[in-house]
Amino acid sequence: MPTSRIAVTGSSGLIGAALVRSLRADGHEVARLVRRPARSGDEVEWDPKRGYVDVAGLVGCDAVVHLAGAGVGDHRWTDDYKREIRESRVLGTAAIAEAVASLDTPPKVLLSGSAIGFYGDTGDRAVDETAPPGDGFLPSVCEEWEAATAAAEERGIRTVHARTGLVVAREGGAWGRLFPLFKAGLGGRLGNGRQYWSFIALHDHVSALRHILDTESLSGPVNLTGPDPVTNAEVTAAMGRVLRRPTLFTAPAPALRIALGEFAGDVLGSQRVIPGQLLDSGFSFAFPGIDAAIRAALR
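Residues numbered from 1 in each chain as written. Predicted model: local features only at pLDDT ≥ 70, side-chain atom pairs only at ≥ 80, totals over all residues. Heavy atoms only, no water.

Once that is clear, we can look at the overall build of the protein. Within the protein, the secondary structure is distributed over 11 helices and 16 strands. In terms of overall size, the protein behaves like a compact globule, its C-alpha atoms giving a radius of gyration of 19 Å where 299 residues would be expected to give roughly 19 Å. Projecting the C-alpha coordinates of the protein onto the three principal axes gives extents of approximately 60 × 40 × 40 Å. Among the 299 residues that make up the protein, the fraction classed as buried is 53%. A total of about 13200 Å² of accessible surface is found on the protein, and carbon and sulfur atoms cover 51% of it. (Helix = DSSP H or I, 4+ residues; strand = E, 2+ residues; numbered from the N terminus. Rg over C-alpha atoms; globule rule 2.2 N^0.38 Å. Buried < 20%, exposed > 50% of the residue type's maximum accessible area, 1.4 Å probe, protein only. Areas by Shrake-Rupley, 256 points an atom, 1.4 Å probe, with all protein chains shown as cover.)

This next bit is on the layout of surface pockets. As a volume, the second largest pocket reaches approximately 230 Å³. Lining the second largest pocket we find 14 residues, and of these Ala18, Glu171, Leu202, His203 and Ala296 sit closest to its centre. Secondary structure elements with two or more residues in the lining of the second largest pocket: α1 (14–25), α6 (202–214) and α11 (290–298). A per-element tally of the lining of the second largest pocket places α6 first, with 4 residues. (1 Å grid on protein atoms, 1.4 Å probe; cavity = no way out; pocket = protein on both sides within 12 Å on 5 of 7 lines; lining within 4 Å. Points joined across faces, edges and corners; volume = space filled by probe spheres on them.)

Among the structural elements, Thr159 can be located in strand β8 (residues 158–164). You can call Thr159 buried: its relative accessible area is 6%. Here Ile157 takes part through its backbone oxygen, which lies 3.0 Å from a polar atom of the side chain of Thr159. Once residues within four sequence positions are removed from consideration, Thr159 is found in contact with Leu110, Thr149, Ala152, Glu153, Ser219 and Gly220. (Polar contact = N/O pair within 3.5 Å; in protein donor to acceptor, adjacent residues only side chain to side chain. Contact = heavy atoms within 4.5 Å.)

A separate point is the sheet that holds strand β3 (residues 43–47). Taken together, 8 strands build an open sheet; the order of strands is β4-β3-β2-β1-β5-β6-β8-β13 and the sheet is mixed. Edge positions in the sheet fall to β4 (52–53) and β13 (220–224), since each has one partner strand and no second. The sheet contact formed by β8 and β13 spans 5 bridges and is parallel. Across the sheet, residue His161 finds its bridge partner in β13, namely Pro221. The sheet strands contacting helix α3 (residues 137–147) are β6 (109–115) and β8, and the helix crosses β6 at an angle near 175°. (Pairing = 2+ DSSP bridges. Axes fitted to C-alpha atoms, helices over the stretch in contact; angles between N-to-C directions.)

Tallied over the full model, the rule gives 4 aromatic pairs. Taking 5.1 Å as the distance between ring centres and 65° as the angle between the ring planes, the aromatic pair formed by Trp77 and Phe137 counts as edge-to-face. A residue pair is termed long-range when its members are at least 10 positions apart, and Trp77 in the loop between β5 (63–66) and α2 (79–101) and Phe137 in helix α3 qualify at 60 residues. Taken individually, Trp77 and Phe137 each receive the classification buried, so the pair is uniform in this respect. Sitting above the plane of the Phe137 ring, Lys82 keeps its charged end 5.0 Å from the centroid. One Lys or Arg, Arg89, reaches over the ring of Trp145 and ends 4.9 Å from the middle of that ring. (Phe/Tyr/Trp six-rings, centres within 6.5 Å; stacked < 30°, edge-to-face > 60°. Lys NZ or Arg CZ within 6 Å of the ring centre and 35° of its normal.)

Attention now goes to empty space enclosed by the protein. Using the criterion set out here, one finds 1 cavity of 30 Å³ or more in the structure. Empty space within the largest cavity amounts to approximately 30 Å³. Within the residue set of the lining of the largest cavity, elements represented by two or more residues are α5 (173–183), β10 (188–190) and α7 (232–243). Ranked by the residues each element gives to the lining of the largest cavity, the list is headed by α7, at 3 residues. Looking at the lining of the largest cavity, its residues break down into 5 nonpolar, 3 polar and no charged. (Nonpolar A, V, L, I, M, F, W, Y, C, P; charged D, E, K, R; others polar.)

With 29 residues, the main nonpolar core has Val8, Leu111, Ile212 and Leu224 as its most contacted residues. Where this core is concerned, the elements lending two or more residues are β1 (5–9), α1, β5, β6, β8, α6 and β13. Looking at this core element by element, the count peaks at 6 residues for α6. Excluding residues within four positions of it along the chain, Val8 makes contact with Leu19, Val20, Leu23, Val30, Ala31, Arg32, Leu33 and Val65. Core analysis: the second largest hydrophobic core is formed by 22 residues, Val230, Met239, Val267 and Ala296 among them. (Core = buried A, V, L, I, M, F, W, Y, C linked by side-chain atoms within 4.5 Å.)

For the rest of this paragraph, the subject is the UniProt feature "domain: NAD-dependent epimerase/dehydratase" (unreviewed entry) in the protein. Mapped onto this numbering, the UniProt entry annotates "domain: NAD-dependent epimerase/dehydratase" (unreviewed entry) at residues 6–215. Regarding residues 6–215, the helix share stands at 36% and the strand share at 23%, and the terminal C-alpha atoms are separated by 15 Å. (UniProt positions renumbered as here; feature names shortened; annotations may be inferred.)

Positioned with a positive phi, Arg244 is a non-glycine residue whose angle comes to about 55°. The residue Arg244 is located in the loop between α7 and β15 (249–251) in this model. Given the relative accessible area of 73%, Arg244 is considered exposed.

Relative to the helices and strands, Glu262 resides in the loop between α8 (253–260) and α9 (264–268). For Glu262, a relative accessible area of 41% translates into the label partly exposed. Spatially, the C-alpha atoms of Glu262 and Thr78 are 8.7 Å apart, while their sequence positions differ by 184 residues. What Glu262 contacts, discounting residues up to four positions off in sequence, is Trp77, Lys82 and Phe137.

Following this line, the structure appears as structure tokens:
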């Protein structure tokens, strides 16, 4: 898009920070939504739990990218933390959607985060954006999360749900925890290793977000995953190859269930997700293979 003003929530997170750097490098003006009083001209105050957004800070925005939400794997899934996961996404998204819908001149697009957790455990079956939601906690959260953009959609704003896969990055996320283990020679297969991991390089994820902002034909759910999902055993082998470390250790499923509780079901679950919308719209991946994605993260 031409030089634009773009608002971003979650700008301090792994993906948000990388997106802000990319946008600013190309001359775009970025307004970062922060959960405290604004301290500079590029900040906009909001409080997702109270449903408050300083709407004046969104005036003149051509796009809003909403990425904020509590980390799924940051804590054990107690009832309280599951409530935090759900409310941080649903309440925050509703607040953003209602804020942009209230503007006299709303942004052209609301790009709102979601996750491939929408599909649940797909086993060996490949799924794209046409697949129905799965069963369980994360699919139900994703359904409510995406439904919370209703105010923006009713206002006629192009709304996209970016269903993110496992982002291959050294700085954070699930892969940020894997790198130190594998570098120390302590990495290995999780469970039987046959579960599919739908990964995407951080570089490609940011490029895909930019592509979505620029591509007016894209709306609704868009899978942000690489074109070739691989199994956990294949990920383990690739990490060993790239890092030149042994991968002899395994984490048996019973041990993961003891350590992680309910979240272990999602770690051991299989999600073979295909980015149908991205591919059909002409998006090109710079790092489509798992080895290339790992090397890109190390650079």
